[in-house]
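# Architecture at a glance
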Amino acid sequence: MILVTSHIGSDFDSLASMVAAAKLYDGAVLSFSGSAGRTVREFLKRFPGRWEVLTPRKITMADVDLLVVVDARSRSRIGAFAPLLDRPGLKVHLYDHHPPAQDEIEAEKRVIEPVGAVATLLVEILLREGIPISPQEATLFVMGIYEDTGALTFGSTCRRDFEAVARLRELGADMTLIPLHVEMALSAPERRLQDQLVDHGWERYVNGARVVLSTLSLDHYVEGLSLFVHRLRDYFDADVALAAVTMEKRTYVVGRSREGVLDMAAFLAPLGGGGHAQAASVTLTGVDPAEVLQDLEKALETAIGPSLLVRDIMTRPVMAVESSISLDEAYRVMIRYGHAALPVTAGGRIKGIITRKDLDKAKLHGLGQVSVAEYMTEGVISVRPEAHLAEAHRMMVAHNIGRLPVVLDGQLQGIVTRTDMLRALYPASLPLEERHFGNDYPWQEDLTDLMARRLPTETNHLLRRLGHMADAMGMKAFAVGGFVRDLLLGKINLDLDVVIEGDGVAFIKAWEGEGYRVSVHERFRTGTIHFPGSLKVDVATARREFYEYPVAQPTVASDSLKHDLYRRDFTVNAMAVALCEERWGQLIDYFGGRRDLRRGFLKVLHNLSFVEDPTRVFRGVRLEQRLRLRLEDNTARLMKSCVKGGLLSLLSGLRVKSELEILFSEAAPLPALRRLREFGAWDVLFPGISADQETDRIVRRLAVFFRRLSHDLPSFNDELWLVYLAALLFGSDETIQRSVMDRLHLAPRERRVVETSLFSHRSAENDLGGRAEKRVSEIWTYLQGVPLTACLFWAAATDRWRVRRRLLHYLTRWHKVHPMLSGQEVLDLGYREGPQIGRILSGLRSARLDGAVETREEEIQWILDNFPKGAKRK
């Protein structure tokens, strides 16, 4: 016998699923596992003979060869048929949509999928197999889907449920029968029960979730308690509803939860309950409903995980204006920082809100000198920090407001903006099967493992210490900028920049109290902490910047991390990693930097970025070439507009010089040089310059030198960039060359290096060239006193290979040659102190350069042979 059954208290989804399953198994017998629901019993009485459904007493258990279970996966839910599962040789097939249970039914075939009703799942199979569905069956199947999805309104409803209903309607389902049999309205006794549950209910917040609880004791049985608890939750607009009701010596505990707040089936499982993540129940005997509910209320505190609260998503600190300032002053603040509205406070307590529209109209009517208090909107709608995200969302929608101040005891704590809300609600925009909860957002990612793998142990330890110090001071610390970018790219970058939400200066000085050397810049609220081993950390207070005019230095104001990141240049540099214990290792990426890295894009943060700071043109080109990214189309257009508009020419010479020093310190500066030429940057910076193929040729040669001779070349210290500057100017007229040196305000030694490189190049070629052999000492004497950087430039600029070879020999070997004997040792040979000692050492160096001497003894003999003994000291 093939037996099809479902859970105790079968509803329309159970009945519909049993009938649908029977169409898949020829000759199957249908049987409830216990009593069916009242509405199901009344429906079968109204249509007798349409479907024959037996009771367990009419089933000969020994005849069952295959047990088909629908709408259940727990042994305890199939009542009288549970013992069959222990019989050897019994085959079991299972169709369900519930989450895992503690007492799972073992089955050789299991079809379990996250749909709103099992009827949906089986209808899909019937349609796929081409099995016909009659209009009467279609009507029953629709009733099952409607009941289990709350008329397609429950959170568990998915696209497949809608599609199944639509297809069944096409097959002749009679939708008018649904309200006649699926419970849609309440009778008088049922309404009394609903009112009592509301009257006895109380609500509280548990980890941000709004919970309603209610308990009753009735002297009679009322069917369908689950529906009343669902409506109880809706009445209080709660996230979780729990009710314990005693009826006829039994206590029925029913729970309902919004999606993602609490797994209700798992929560009630210890009591023997079962159901869905959003709906579950359990029946108990001999217990006090009030005590049961009290225990469950306590258990909720650990069962409901930390969810997103208003304080987790709000923007803080809030930029607000005092009620006493004028409308003109408020307008300037609003324009400067780009807000559409600002909270109005007095002594930290919120008094109202003023919008850009209000200020525009006030200016139009000449009311600029009137105080903000006169025209602000009072009675501001606000929310508490501990409120759940959903409550804030409902308030913003219900009151049609775009920002929601967060207030605690009258004090302004933060503000929730549209952007904050959209980010927080992101998971709900995904299809159910793709949905994740917690911090799995595109702008957040756990980098804990990545940091452990890619960072040195001491760096991780230092970052932990920085986070702990911030926690202890009630602040928040974040690693930001290039460190985060390179961490994601797998590059080592120990240049640590930390942003503090709070008082960055106090944070820095706290380390001074720990015995570390610090430096502080009060104006910008930044500083540096110096740790042992030449390790330093640059610290800044989270701030926003405003540029009064193009190329100006920024005006700084303390602010939130989000605004601090927004003031940066490119999205890939506007990411942070949390260092506090609570969120350690969490990537914070509000502007899509992680996504742009994956796509290989370099994208500017806002359209006026290059106008505010044209030096970002240099930084953009450097990053594009070094990281092998591609300027995003809009960013490239904005960069070209900045260059074409001549903004680079407004930069001071010192700022241009600083950018060139950084640019020419890149491992491979040639691609950046070419890219800037493509944008026309060199022509704007230095009108008349000719940075062409000659420049490229010299820079390419320099790259070859460093690739092949890096271990032998001398250290050029901070002057190497001057070689590239000379290369940039090589093809230009002398007038242009000197004007560029003037514009950059080169120091005297820097100017000498560039002038020697450019203006002595030809004479050096003539003096060092030629086929005739030249003694090394002659070459050394010629180059003595010439800056090493100028020698390097000459080697790269010349096309004469003998000149290049002699210059490179000088740089890699000859300039380091010294006699083995010291001046004192020459004196010890009996020579008088005086100029002669210098002549002896100079001649000795030349002899060593020319190969006349090699050993110490040969040096002594050379001195004795070349300087008369009469010069000895007696």
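Residues numbered from 1 in each chain as written. Predicted model: local features only at pLDDT ≥ 70, side-chain atom pairs only at ≥ 80, totals over all residues. Heavy atoms only, no water.

Of the regular secondary structure elements, the protein holds 38 helices and 29 strands. A compact globule built from 874 residues would reach a C-alpha radius of gyration of about 29 Å, whereas the protein, at 41 Å, exceeds it by more than 25%. Overall size of the protein, expressed as C-alpha extent along the three principal axes, is 140 × 80 × 55 Å. For the protein, buried positions account for 52% of its 874 residues. Total accessible area computed for the protein in this model is approximately 40,800 Å², and 49% of it derives from carbon and sulfur atoms. Treating the 114 positive side-chain charges of the protein as one cloud and the 115 negative ones as another, the clouds have centres 7 Å apart. (Helix = DSSP H or I, 4+ residues; strand = E, 2+ residues; numbered from the N terminus. Rg over C-alpha atoms; globule rule 2.2 N^0.38 Å. Buried < 20%, exposed > 50% of the residue type's maximum accessible area, 1.4 Å probe, protein only. Areas by Shrake-Rupley, 256 points an atom, 1.4 Å probe, with all protein chains shown as cover. Lys, Arg positive; Asp, Glu negative; His and termini not counted. Charge placed at Lys NZ, Arg CZ, Asp CG, Glu CD.)

Let's shift gears to the nonpolar core. Formed by 116 residues in total, the largest nonpolar core has its most connected members in L466, F507, L660, W682, F686, L725 and F793. Per-element tally for this core: the top contributor is helix 29 (residues 720-729), with nine residues. If near-sequence neighbours (up to four positions away) are discounted, W682 is found in contact with L660, L663, L673, L676, R677, P687, I689, A691 and L728. Counting 49 residues, the second-largest nonpolar core is a separate cluster that includes M18, A36, W51 and A117. (Core = buried A, V, L, I, M, F, W, Y, C linked by side-chain atoms within 4.5 Å. Contact = heavy atoms within 4.5 Å.)

Here the focus is the sheet that holds strand 8 (residues 209-218). Spatially, six strands are ordered 7-8-9-10-12-11 in an open sheet, and the strand pairing comes out mixed. This sheet does not close on itself; its edge strands, each paired only once, are strand 7 (202-206) and strand 11 (274-275). Both strand 11 and strand 12 (residues 279-285) contribute to a ladder of two bridges, which runs antiparallel. Looking at strand 12, one finds that G275 is bridged to A280. (Pairing = 2+ DSSP bridges.)

So, on to the sheet that holds strand 3 (residues 53-54). Here six strands make up an open sheet; going across it, the order is 3-2-1-4-5-6 and the pairing parallel. For this open sheet the edge positions go to strand 3 and strand 6 (109-112), each flanked by a neighbour on one side alone. Here strand 2 (residues 29-31) pairs with strand 3 via two bridges, running parallel. Each residue of the ladder has a partner; that of L30, found in strand 3, is V53. The strands touched by helix 3 (residues 118-129) are strand 4 (66-70), strand 5 (91-96) and strand 6; relative to strand 5, the strand with the most contacts, the crossing angle is about 110°. (Axes fitted to C-alpha atoms, helices over the stretch in contact; angles between N-to-C directions.)

Tallied over the entire structure, the rule returns 52 salt bridges. Among the ionic pairs, E666 bridges to R626, the shortest N-O distance being 2.9 Å. You can see E666 sitting in the loop between helix 25 (653-663) and helix 26 (670-679) and its partner R626 sitting in helix 23 (residues 616-626), a full 40 residues away along the chain. The exposure class of E666 is buried, given its relative accessible area of 16%. Note on R626: relative accessible area 38%, which makes it partly exposed. Three or more residues joined by partner-sharing salt bridges are found here, namely E734, R738, D742, R751 and E755. (Salt bridge = Lys/Arg side-chain N within 4 Å of Asp/Glu carboxyl O.)

Let's shift gears to the packing of helix 23 against helix 26. Describing two packed helices takes the angle between their axes plus the distance from one axis to the other. The interhelical angle for the contact between helix 23 and helix 26, taken along N-to-C directions, is 130°, at an axis separation of 9 Å. Judged by the inter-axis angle, helix 23 sits oblique to helix 26. For the crossing formed where helix 23 meets helix 26, the hand is right-handed. Between helix 23 and helix 26, the contacting residues are V617, F618, V621, E624 and Q625 on the first element and P671, A672, R675, L676 and F679 on the second. Residue composition of the contact of helix 23 with helix 26, by class: seven nonpolar, one polar and two charged. (Parallel < 35°, antiparallel > 145°, perpendicular 65-115°, else oblique. Left-handed = near helix turned anticlockwise from the far one by under 90°. Nonpolar A, V, L, I, M, F, W, Y, C, P; charged D, E, K, R; others polar.)

A separate point is the environment of H761. Along the chain, H761 turns up in helix 32 (residues 761-768). Residues within four places of H761 in sequence aside, it is in contact with F730, T756, W794, A797 and T798.

For strand 7 and strand 8, the ladder comprises five bridges, and the chain directions are antiparallel. Counted as the bridge partner of R204 is V211 from strand 8. Remark: two residues form the turn of the hairpin made by strand 7 and strand 8, two consecutive strands paired antiparallel; N207 in that turn has positive phi of roughly 50°.

Bringing the pairing of strand 4 into the picture now. Within strand 4, five of the five residues are buried, which leaves it mostly tucked inside the rest of the structure. Here strand 1 (residues 2-5) runs beside strand 4; their pairing, made up of four bridges, is parallel. Across the sheet, residue L3 finds its bridge partner in strand 4, namely L67. Across five bridges, strand 4 lies against strand 5 in parallel orientation. Bridged to V69 within strand 5 is L94.

For the coordinates displayed, the defined rule picks out 15 aromatic pairs. Ring geometry for F507 versus W511: centroids 6.2 Å apart, planes at 75°, classification edge-to-face. Of the two residues, F507 and W511 both sit in helix 19 (residues 504-513), four residues apart, roughly one turn of that helix. On the basis of relative accessible area, F507 is assigned to the buried category, the value being 0%. Within the aromatic cluster, the residues linked to one another by ring pairs are F12, F43, F47 and W51. Directly above the ring of Y331 sits K363, whose terminal nitrogen or CZ lies 4.8 Å from the centroid. Over the aromatic face of Y590 sits the side chain of K562, whose NZ or CZ is 5.5 Å from the ring centroid. (Phe/Tyr/Trp six-rings, centres within 6.5 Å; stacked < 30°, edge-to-face > 60°. Lys NZ or Arg CZ within 6 Å of the ring centre and 35° of its normal.)

Look at R628: it is not a glycine, yet its phi comes out positive at around 55°. Its place among the elements puts R628 in the loop between helix 23 and strand 29 (630-631). For R628, a relative accessible area of 77% puts it in the exposed group.

Attention shifts here to the confidence of the model for the protein. Chain-level pLDDT for the protein is 88 on average; 94% of the residues reach the 70-or-more range. Of the regions scoring below 50 in pLDDT, residues 432-440 engages in 14 contacts with residues more than four places distant in sequence or in other chains. The model gives residues 545-558 a pLDDT under 50, and that stretch makes 41 contacts with residues more than four places away or in other chains. (pLDDT = per-residue confidence, 0-100.)

Let us now look at the packing of helix 23 against helix 25. Contact geometry of helix 23 with helix 25 gives a least axis separation of 10 Å together with a crossing angle of 5°. For the element pair helix 23 / helix 25, the angle class is roughly parallel. On the side of helix 23, the interface is formed by F618, R619 and R622, while helix 25 contributes E659, L660, I662 and L663. Its residues assigned to classes, the contact of helix 23 with helix 25 shows four nonpolar, no polar and three charged.

For T615, the location among the structural elements is in the loop between helix 22 (609-612) and helix 23. Judged by its relative accessible area of 2%, T615 falls in the buried class. Every residue in contact with T615, bar those within four places of it in the chain, is listed here: L651, R655 and E659.

Moving on to the environment of H98. Inspection of the secondary structure assignment puts H98 in the loop between strand 5 and strand 6. H98 sits in the buried class, given a relative accessible area of 8%. Counting along the chain gives 635 residues from H98 to D733, while the straight-line C-alpha distance between them is 82 Å. Those residues in contact with H98 that sit more than four places away from it in its chain are D71, A72, R73, R77, I112, G275 and H276.

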